[in-house]
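Single-letter residue listing:
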Amino acid sequence: MKIITFILLTLLLSCTESDSVFEKSNYECSQVIDQNNQDHPKSKLVSNIMKSMISKGVPGILMTVHTNENGYFSDALGKSDIASNININDCNITRVGSTVKTFTAVTILKLQEEGKLKLDDLINLYLPENVLKDIENADKVTIRQLLNHSSGIYNYIQDLKFQTASLNDFKKVWKVEELLDYARKRNAYFSPGDDVIYSNTNYIFLGMIIEVVEGKHFYEVFKDKIFNPLPLNFTQFAAIDPVPDNIIRGYIDIYSNLNLINSTYNSGWDYFSADGGLISNAFDLNVFLTNLFQGNILSDTSLKEMMTWTKPKKEFGDGFETSFGLGIFKIETNFGPAYLHSGDAIGYFASMVYFPNQKTTITWAVNANYGKMDEIIQSKKSMEFIFKTLLE
């Protein structure tokens, strides 16, 4: 799902942030995780997974597991800041990238429950012509097709001109209108509904639809409908504070040699769009996904609609067999189906996975990615190791 070219990251090397040194107090949490069962039977298994990742070069990891019988267990290992030599805490916050797409989808479904929109509405009922102009398929796709990536609309992140513009000012804070410009006058991948392919552009549109319907920023709607009710005490959106002082540092392995480079300030294109920009931690992601699939956020009808699966005509890479739902994916594992969404920001990775047969939720977040790091934290092999350790 991550589509950032190697050349983009390589060139970023010449302009990344120098490693400032901070006091330990910079990363102290304003509150602790209050639902944390230290006697959880999977606590040692979580510790073993984290130790394995750290031994392979991961700087820091946050991990949470939930089971119905024993509740939540959260832990962390490694460094929140390498230069300052500060240990990571389970309550620290980090970037969680495209996991926000599930939050976006849930918000859209809640708006449908409230009678404010319908999933099979064309998006041009909500978005003006100047927003959709010159984006192929945009005049004939539905909200549902945005949600499950069957719109065929071009993914702006793939555009080489966008990547070049990012290099010219890698700390630039992008507005959604600027991002959409890189999807204009580009060929669609297919006609709406003919297939499924991941496109961040879909979720920019969904964020804009939420704003039209509710008359406020989409991330304020997230707060009203998801963050506050659950509550998710460690979750916020980057538009409020793009780089919080206490966010753990992020690192990239652009030369695939595990010599990590600080990239904490290099994520400016998703601060204001609903395809990325979420700041959270493993615990809050776990609370969200657990409550979602145990029926505490959406109605049964909406949840069933969310889990209407579409398989791509062609499987890509060597990953899990994957089907597309509405803001969520289903993967086939050795332990049965799992519902998943992962997310990258530059220097950060997070994943949240729910196993319905075991009623177990596993979430983890790491402050590094790309190169050899991805093999350790998000490859099929690494995920199978996590699943086997916790579920066997």
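Parameters at a glance
Residues numbered from 1 in each chain as written. Predicted model: local features only at pLDDT ≥ 70, side-chain atom pairs only at ≥ 80, totals over all residues. Heavy atoms only, no water. Salt bridge = Lys/Arg side-chain N within 4 Å of Asp/Glu carboxyl O. Helix = DSSP H or I, 4+ residues; strand = E, 2+ residues; numbered from the N terminus. Buried < 20%, exposed > 50% of the residue type's maximum accessible area, 1.4 Å probe, protein only. 1 Å grid on protein atoms, 1.4 Å probe; cavity = no way out; pocket = protein on both sides within 12 Å on 5 of 7 lines; lining within 4 Å. Points joined across faces, edges and corners; volume = space filled by probe spheres on them. Nonpolar A, V, L, I, M, F, W, Y, C, P; charged D, E, K, R; others polar. Pairing = 2+ DSSP bridges. Disulfide = S-S within 2.5 Å. Contact = heavy atoms within 4.5 Å. Axes fitted to C-alpha atoms, helices over the stretch in contact; angles between N-to-C directions.

Asks: Help me out: how do you make sense of the pattern of salt bridges in this one?
Replies: Inspection of every chain in the model, using the stated rule, returns twelve salt bridges. Arg 144 is paired through a salt bridge with Asp 120; the nearest N and O atoms lie 2.8 Å apart. One end of the pair, Arg 144, is in helix 5 (residues 143-147); the other, Asp 120, is in the loop between helix 3 (100-113) and helix 4 (129-132), and 24 residues separate them in sequence. Taking the relative accessible area as the measure of exposure, Arg 144 reaches 21% and is therefore partly exposed. Where Glu 178 meets Lys 172, a salt bridge forms, and the shortest distance between an N and an O atom there is 2.9 Å. One continuous salt-bridge network, built from bridges that share partners, spans Glu 114, Lys 116, Glu 214 and Lys 225.

Asks: Please clarify how the layout of surface pockets should be interpreted in this entry.
Replies: To find leftover empty space, one rolls a probe the size of a water molecule over the atoms. Its volume calculated, the second largest pocket comes out at about 210 Å³. Along the walls of the second largest pocket sit Tyr 219, Glu 220, Lys 223, Phe 227, Asn 228, Pro 231, Leu 232, Asn 233, Thr 235, Gln 236, Phe 237 and Ile 240, which together make up its complete lining. Elements supplying a minimum of two residues to the lining of the second largest pocket: helix 9 (218-227) and strand 5 (236-237). Ranked by residue count, the leading element in the lining of the second largest pocket is helix 9, at four residues. Considered class by class, the residues forming the lining of the second largest pocket number six nonpolar, four polar and two charged.

Asks: Quick question: what am I supposed to make of the sheet that holds strand 14 (residues 368-369) here?
Replies: Each strand in a sheet pairs with another by means of backbone hydrogen bonds, the pair being arranged parallel or else antiparallel. With mixed pairing, the three strands of this open sheet are ordered in space as 7-6-14. On the outer flanks of this sheet lie strand 7 (261-262) and strand 14, each paired with one strand and no other. Bridge analysis of strand 6 (residues 251-252) against strand 14 gives two bridges, and the strand direction is parallel. Bridge assignment links Tyr 251 to a residue of strand 14, and that residue is Ala 368.

Asks: What is the right way to look at the state of the cysteines in this model?
Replies: Linking two cysteines covalently via their sulfur atoms produces the bond known as a disulfide. One pass over the structure, following the stated rule, counts one disulfide. Between Cys 29 and Cys 91 runs a disulfide, and the two sulfur atoms are separated by 2.0 Å. Between Cys 29 and Cys 91, the disulfide has an S-S torsion of 90 degrees and is therefore right-handed. Here the residue Cys 29 occupies a position in the loop between helix 1 (6-12) and helix 2 (43-55), and Cys 91 occupies one in the loop between strand 3 (86-87) and strand 4 (94-95), the gap between them amounting to 62 residues.

Asks: Can you walk me through the sheet that holds strand 3 in this structure?
Replies: Across the sheet, which stays open at both edges, the eight strands sit in the order 3-2-1-13-12-11-10-9 with antiparallel pairing between neighbours. Each of the sheet's edge strands pairs with one partner strand only, and the pair in question is strand 3 and strand 9 (322-324). Pairing of strand 10 (residues 329-333) with strand 11 (residues 336-345), which is carried by five bridges, proceeds in the antiparallel orientation. When the bridges of strand 11 are listed, Ile 331 appears paired with Ala 338. This element, helix 2, spans strand 1 (60-67) and strand 2 (71-81) of the sheet and lies at about 20 degrees to strand 2.

Asks: Is there a simple way to think about the environment of Leu 303 in this case?
Replies: Looking at the secondary structure, you find Leu 303 in helix 11 (residues 300-306). According to the relative accessible area criterion, Leu 303 is buried, its value standing at 9%. Measuring from C-alpha to C-alpha, the distance between Leu 303 and Val 106 comes to 8.9 Å, with 197 residues separating the pair along the chain.

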